[in-house]
Amino acid sequence: MKIVMLGAPGAGKGTQAKQIAGKYGLPHISTGDIFRANIKNGTELGKEAKKYMDQGLLVPDELTVRLLLDRVSREDCKNGYVLDGFPRTIPQANVLDEALEKLGDQIDYAIDVDVPDENIVRRMSGRRACLSCGATYHVAYAPPKKEGICDTCGSELVLRDDDKPETVQNRLHVYHEQTQPLIDFYARKGVLRTVDGTQAVEDVFEAICKILG
Ligand code: AP5
Ligand code: MG
């Protein structure tokens, strides 16, 4: 099963993608997590990506597409995957489509986690992220068992550099300009499913499981 998660920054794509990946035994592939891991490790890719991410802008398609195609060609992806944060532009979606078409394959579900802009800023300021394993928490809605420490791997949790309110506004703007058109793109292919992302985390997950079966 090949799944694409759609939704604004902070809609809960990562939160849901992790649970879907766990339940259905699929790898969770987040381009944002891959970039953040590269930034943390000081790689060339990380240095390049950071220039854009800190401003709330998208990393150029050329760089992102290469990274993603390499990732989905690995052995663990042969039965499918959950893509979180990719594609984010129409050109990225076209490249993915063409790559899948060559294999006689296609995306099975594009799940849009729908959350209005008003809710987003509040969520972002309370988010805490683990830069080691990619787990995400919220100080009020999804707190870790021990404050500031990741339940999964024990690393320290941080406020992401791009979660400052002014950067969040930029990310929302970029989302509406460049990423939202993907909702129509996948609707035309007949694979779009929309869930109400303002519900509690468990309820959003239940709605998604009903779709995926
Ligand atoms: P990325 O890491 O993908 O960030 P994003 O899309 O902005 O999304 P977020 O990770 O911020 O939010 P999310 O939807 O995963 O929400 P989460 O589950 O954490 O990308 C970062 C940057 O990398 C981009 O800006 C860009 O520069 C670059 N990049 C990445 N991919 C790229 C690409 N393909 N092309 C070009 N550039 C790319 O939840 C948010 C918070 O809310 C958490 O605290 C969570 O606990 C809480 N929460 C979740 N669900 C609920 C709920 N139902 N109720 C209450 N709280 C909830
Ligand atoms: Mg995320």
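For every chain, the first residue of the written sequence is number 1, and numbering continues from 1 along that sequence. Chains carry letters from A onward and ligands carry numbers from 1 onward, assigned in written order. Totals for whole chains, interfaces and linings use every residue, but because this is a predicted model, local features are given only for residues with pLDDT of at least 70 and side-chain atom pairs only at 80 or more, for both listing and counting. Hydrogens and water are ignored here; the side-chain numbers use all heavy atoms of the structure.

> Give me the side chain of Lys2: which residues, what numbers.
Labels follow the DSSP assignment, with helices taken as runs of H or I lasting at least four residues and strands as runs of E lasting at least two, numbered in each case from the N terminus. Relative to the assigned elements, Lys2 resides in strand E1 (residues 2-6). Buried, partly exposed and exposed residues are distinguished by accessible area as a fraction of the type maximum, computed with a 1.4 Å probe on protein chains only: under 20%, between the cut-offs, and over 50%, respectively. The class for Lys2 is buried, based on a relative accessible area of 9%. In this view, Lys2 contacts Gly80, Tyr81, Leu100, Asp105, Gln106, Ile107, Asp108 and Tyr109; residues no more than four positions away in its chain are not counted. A contact between two residues is defined here by any heavy atoms of the two lying within 4.5 Å.

> Help me get a handle on the sheet that holds strand E8 (residues 192-196), residues and values and all.
What the 5 strands build is an open sheet, ordered E2-E3-E1-E4-E8; its pairing is parallel. Among the strands making up the open sheet, the edge pair consists of strand E2 (28-30) and E8. When strand polarity is set aside, the average angle formed by the axes of neighbouring strands in this sheet is 20°. A pair of strands counts as paired when DSSP detects no fewer than two bridges linking them. Bridging between E1 and strand E4 (residues 109-114) involves 4 bridges; their strand directions are parallel. When the sheet's bridge partners are listed, Val4 is paired in E4 with Ala110. To get an axis, fit a line to the C-alpha atoms, keeping to the stretch in contact for a helix; angles then go from 0 to 180 degrees between the N-to-C directions.

> Account for the pattern of salt bridges, with residues named and values stated.
Put simply, a salt bridge is a Lys or Arg side-chain nitrogen that is within 4 Å of an Asp or Glu carboxyl oxygen. A full pass over the atoms with the stated rule returns 16 salt bridges. Notably, a salt bridge pairs Asp33 with Arg36, separated by 2.8 Å at the nearest N-O pair. With Asp33 and Arg36 both in helix H2 (residues 31-40) and 3 residues apart, this pair spans about one turn of that helix. Residue classification places Asp33 among the partly exposed positions, given a relative accessible area of 24%. Taking the relative accessible area as the measure of exposure, Arg36 reaches 14% and is therefore buried. Here Asp151 ties to Lys145 by a salt bridge, and the two come within 4.0 Å at their closest N and O atoms. In this structure Asp151 comes out as partly exposed when scored by relative accessible area, which is 36%. Taken together, the salt bridges that share partners define one network made up of Arg127, Arg160, Asp162, Asp163 and Arg171.

> Explain the site of ligand 1 to me, and be specific about the residues and the numbers.
By convention in this text, a residue qualifies as near a molecule or strand provided that one of its non-hydrogen atoms is within 4 Å of it. Neighbouring residues of ligand 1: 37 residues in total, closest Thr15, Leu57, Arg88, Arg127 and Arg171. Between N or O atoms, a polar contact is any pair within 3.5 Å; within protein, one atom must be a potential hydrogen donor and the other a potential acceptor, and residues adjacent in sequence are included only when both atoms are from side chains. Contacts to ligand 1 include Val59, whose backbone N or O atom sits 3.0 Å from a nitrogen atom. The side chain of Gln92 places a nitrogen or oxygen atom 2.8 Å from a nitrogen atom of ligand 1. Looking at the shell around ligand 1, the elements with two or more residues in it are helix H1 (13-24), H2, helix H6 (117-126), strand E6 (136-138) and helix H9 (201-212). Ranked by residue count, the leading element in the shell around ligand 1 is H2, at 4 residues. Each residue gets one label: Ala, Val, Leu, Ile, Met, Phe, Trp, Tyr, Cys and Pro are nonpolar, Asp, Glu, Lys and Arg are charged, and the others, such as Gly, are polar. Of the residues that constitute the shell around ligand 1, the class distribution is 16 nonpolar, 13 polar and 8 charged.

> Which residues make up the pairing of strand E5 (residues 127-130), and what values do they have?
Two faces, one strand: in a regular strand the side chains alternate between the faces of the sheet. With 3 bridges joining them, E5 and E6 adopt antiparallel strand pairing. In the sheet register, Ala129 faces E6, and the bridge partner there is Thr136.

> Tell me about the pairing of E1, and name the residues and values.
Where burial is concerned, most of E1 is hidden: 5 out of the 5 residues are buried. The alternating pattern of E1 places Lys2, Val4 and Leu6 and Ile3 and Met5 on opposite faces, both of which are buried. In this structure, E1 lies alongside strand E3 (residues 81-84), joined through 4 bridges in parallel fashion. Counterpart to Val4 in the pairing with E3 is Leu83.

> Any chance you could break down the packing of H2 against helix H4 (residues 61-72) for me, citing the residues and the numbers?
Remark: H2 packs on H4, axes separated minimally by 11 Å, with the N-to-C direction vectors making an angle of 100°. Here H4 runs roughly perpendicular to H2, going by the angle between their axes. Residue-level contacts link Thr31, Ile34 and Phe35 of H2 to Thr64, Leu67 and Leu68 of H4. Along the lines of polarity and charge, the residues of the contact of H2 with H4 split into 4 nonpolar, 2 polar and no charged. Should an angle fall under 35 degrees it is called roughly parallel, over 145 degrees roughly antiparallel, and 65 to 115 degrees roughly perpendicular, with every other angle called oblique.

Nothing here speaks to function; it is all geometry.
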